[in-house]
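Report on the structure
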Amino acid sequence: MTNKEIARLLKLTATLLELHGENQFKIRIYTNAVINIEKQEDSLFEKSKEELEALEGIGKGLAQSLIEIQETESFAQLNELLDSTPVGVIEMLELKGIGPKKIKVVWEVLNIESIDQLYEACKLGQLAKLKGFGSKTQETILQNLEYLISQRGKVLYAEAEPLANQLLMKLKKNYPSLKVEITGEMRRKMDVVEQVEIIINTIDSNQIKKALDNEESIEIVNSLSGPFSLRGKFLSINLKWLIRFSKPSEFYTKLMLSTGSGKHLRGIAKDDNNLQQYLLDNDIIDEEAAYSKLGYTFVEPEMREGTFEIELAKENKLPDLLKLEYLKGPFHNHSKYSDGQNTILQLAEYCIDQGYEYLGLSDHSKSAFYANGLQEYHIKKQHEEIDELNKQLAPFKIFKGIESDILNDGSLDYDTDVLSSFDFIVASVHSNLNMGKEKATQRLLKAIVNPFTTFLGHPTGRLLLRRKGYAIDHKKIIDACALHNVIIEINANPWRLDLDWRWVNYAIDQEVVLSINPDAHEIKGFNHMKFGVFMGRKGGLTIEKTFNAWSLESVNNYLKARKKKI
Ligand SMILES: [Zn+2]
Ligand SMILES: [Zn+2]
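Residues numbered from 1 in each chain as written. Chains lettered and ligands numbered in written order. Predicted model: local features only at pLDDT ≥ 70, side-chain atom pairs only at ≥ 80, totals over all residues. Heavy atoms only, no water.

Brief notes about helix α18 (residues 344-353)
Put simply, the rule reads: Between buried and exposed lies partly exposed: a residue is buried under 20% and exposed over 50% of the maximum accessible area for its type, with that area taken using a 1.4 Å probe on protein chains only. Runs of H or I in DSSP of at least four residues are treated as helices and runs of E of at least two as strands, each being numbered from the N terminus. The arc under discussion is defined with respect to the helix axis, by the directions toward the C-beta atoms. Note on contacts: a residue pair qualifies if any of its non-hydrogen atoms lie within 4.5 Å across the two residues.
Restricting attention to buried positions, one finds in α18 the residues Ile 344, Leu 347, Ala 348, Tyr 350 and Cys 351. The arc enclosing the buried residues of α18, seen along the axis, measures out at 160°, which places them on a common side. Buried-residue contacts for α18 involve β10 (358-364), α19 (376-393) and β11 (397-405). A positive backbone phi angle near 85° is found at Gly 355, which sits one or two residues after α18.

Some details on the coordination of the zinc ion (ligand 1)
Octahedral metal centres with six donors ideally show angles of 90 or 180 degrees, and tetrahedral centres with four donors ideally show 109.5 degrees. How we decide: Any nitrogen, oxygen or sulfur atom within 2.8 Å of a metal ion counts as a donor, with the limit raised to 3.2 Å for Na, K and Ca, and since water is left out, coordination shells can look unfinished.
Note on the zinc ion (ligand 1): its protein donors are Glu 403 (OE), His 430 (NE2) and His 458 (NE2). The metal-donor distances range over 2.1 to 2.2 Å. We note that the donor set of the zinc ion (ligand 1) lies within a single chain, spaced as E-x26-H-x27-H. Separating the zinc ion (ligand 1) from the zinc ion (ligand 2) is a gap of 3.3 Å, which Glu 403 spans by donating to each of them. Residue His 430 is found in the loop between β12 (424-428) and α21 (437-449), and its partner His 458 is found in the loop between β13 (455-456) and α22 (474-483); the two are separated by 28 residues along the sequence. By relative accessible area, which is 18% here, His 430 ends up buried. His 458 sits in the buried class, given a relative accessible area of 1%.

Some points on the packing of aromatic side chains
Defined as follows: In summary, the pairing rule links any two rings of Phe, Tyr or Trp, Trp by its six-membered ring, whose centres are within 6.5 Å, and it sorts them by plane angle into stacked for under 30 degrees, edge-to-face for over 60 and tilted for everything else.
Here the structure, examined in full by the defined rule, presents 21 aromatic pairs. For the pair Tyr 358 and Phe 399, a centre-to-centre distance of 5.9 Å together with 70° between the ring planes defines the contact as edge-to-face. Taken together, the residues Tyr 358 in strand β10 and Phe 399 in strand β11 connect sequence positions 41 residues apart. Residue classification places Tyr 358 among the buried residues on the basis of a relative accessible area of 0%.

Focus: the pattern of salt bridges
Basically, it comes down to this: A pair is scored as a salt bridge if a Lys or Arg side-chain nitrogen falls within 4 Å of a carboxyl oxygen belonging to Asp or Glu.
Enumeration according to the criterion identifies 29 salt bridges in this entry. Two residues, Lys 11 and Glu 38, come together in a salt bridge whose shortest N-O distance is 3.7 Å. Residue Lys 11 is found in helix α1 (residues 3-19), and its partner Glu 38 is found in helix α2 (residues 24-39); the two are separated by 27 residues along the sequence. Residue classification places Lys 11 among the partly exposed positions, given a relative accessible area of 44%.

Some points on the pairing of strand β14 (residues 487-491)
As a reminder of what qualifies: Two strands are counted as paired when DSSP detects at least two bridges linking them.
Taken across its five residues, β14 has five buried, putting it largely inside the fold. Here β14 shows a buried face lined by Ile 487, Glu 489 and Asn 491 and a second buried face lined by Ile 488 and Ile 490. Relative to β14, β13 runs parallel, the two being bridged by two bridges. Looking across to β14, one finds that Phe 455 is bridged to Ile 487. Sheet topology places β14 next to strand β15 (residues 514-517); four bridges connect them, and they run parallel.

Written out as structure tokens, the structure is:
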């Protein structure tokens, strides 16, 4: 367990205590501990009991709990709280727009113990009548509930990927002579997925079933399985899997039928034939041949959505897609100066190790007080440190940036002289996420017009599966970025993946430059860039249109020229 995971357990404990109406003093013990644990650099589990007791905000009682956590991944107080809280109520704690205090009220007054009951009560207008709620609160809760319910049974691609790969490797290892491939929405690299789908070129289902029967990480659901497929679920997260069996001769046919969306399979068409029909009528030996039979060029699996790719494949104009290894460095990252876990030197050294040419640092700005945003004097200090590091680490370069909050009226939160001290500025919204579409669009437009804005950060503020994000007029925003030469980030954090991939191609068509920004808050966060690359590839992103695939010299020249224009 990492310190972060331990902190999460203690945070949950504090939330549950609040839910059960415990006194503030007791709650504060845990919230304080969380703050102090997040500051710790070394693993708590490497410390002795005495060392733990001596830590700020920990003390004897909590030290004992930490030791318990090390042994059992939980502790008595938390177990007790979990036992006395219905699962559905715990699930409600995930819901945005309603905190533990309000959940306590609906639980006690309306006897609501599940998300579905809460939904019913909102629909009947019962929440609005509760003291301290009102119809606006009810409406917000209802909207968040509808989103949560619509996303049920789905998981982030990033969470599904390691499980899919494990299952794939298991099959490959057991049957080295068979062809096994991931297919379906996982192969299309969708941002969220409902199941892991694998195809294997054998119809000996019993043999495969036997091999998986004693696998501890999965469960086979026999009632949903048949001679041509095996279905089950993973036990670590709520995710289904499906293994399709195929005769060797039908392998590529079935692979293609299960990869492409319906729109793609029917959209790739010639005369009165289309790809779907063609595949149903013919067995093929490779994917390229199927496309060329109908007069199209090969379409990468990620792009098989049935949108812009069809025409491009017909005209032989599909682009060479971006690859992870083309990236030359990451922009939009946080260090210890704000809410990151690592020093600037640690981040830079890791980037050098990865073969990157540069690092774009952008800690939070002063309005982001909850994330330890930088005051003017911090910025001065940070810039001195970067200047010194740039001397030491040359030719590697650290660019001085900031993730400047876009305030309610669309302005950035520093004076001009401070803004002009940065090499680049990522402008992002972090507050007041409930604006209407018109207002939210105007807010972003004002930030885009600001000559200091280099990047537009996570355009909608969404958190996949958790928070829908504010509505914006994507066309207007992208057009404005084109006009004002603002780079749009594809925030590569798997929870965000914002700009949404569905808008990537439109942005490219408007000649907007995009950037795969990890928004790393720790070194591990740099690994998220691959998820951003997937989203870019879905939208047809190329090396030329990806800012952080440019060389140090190009990036440097671009940023300098842009600053000069202000
Ligand atoms: Zn941000
Ligand atoms: Zn950020």
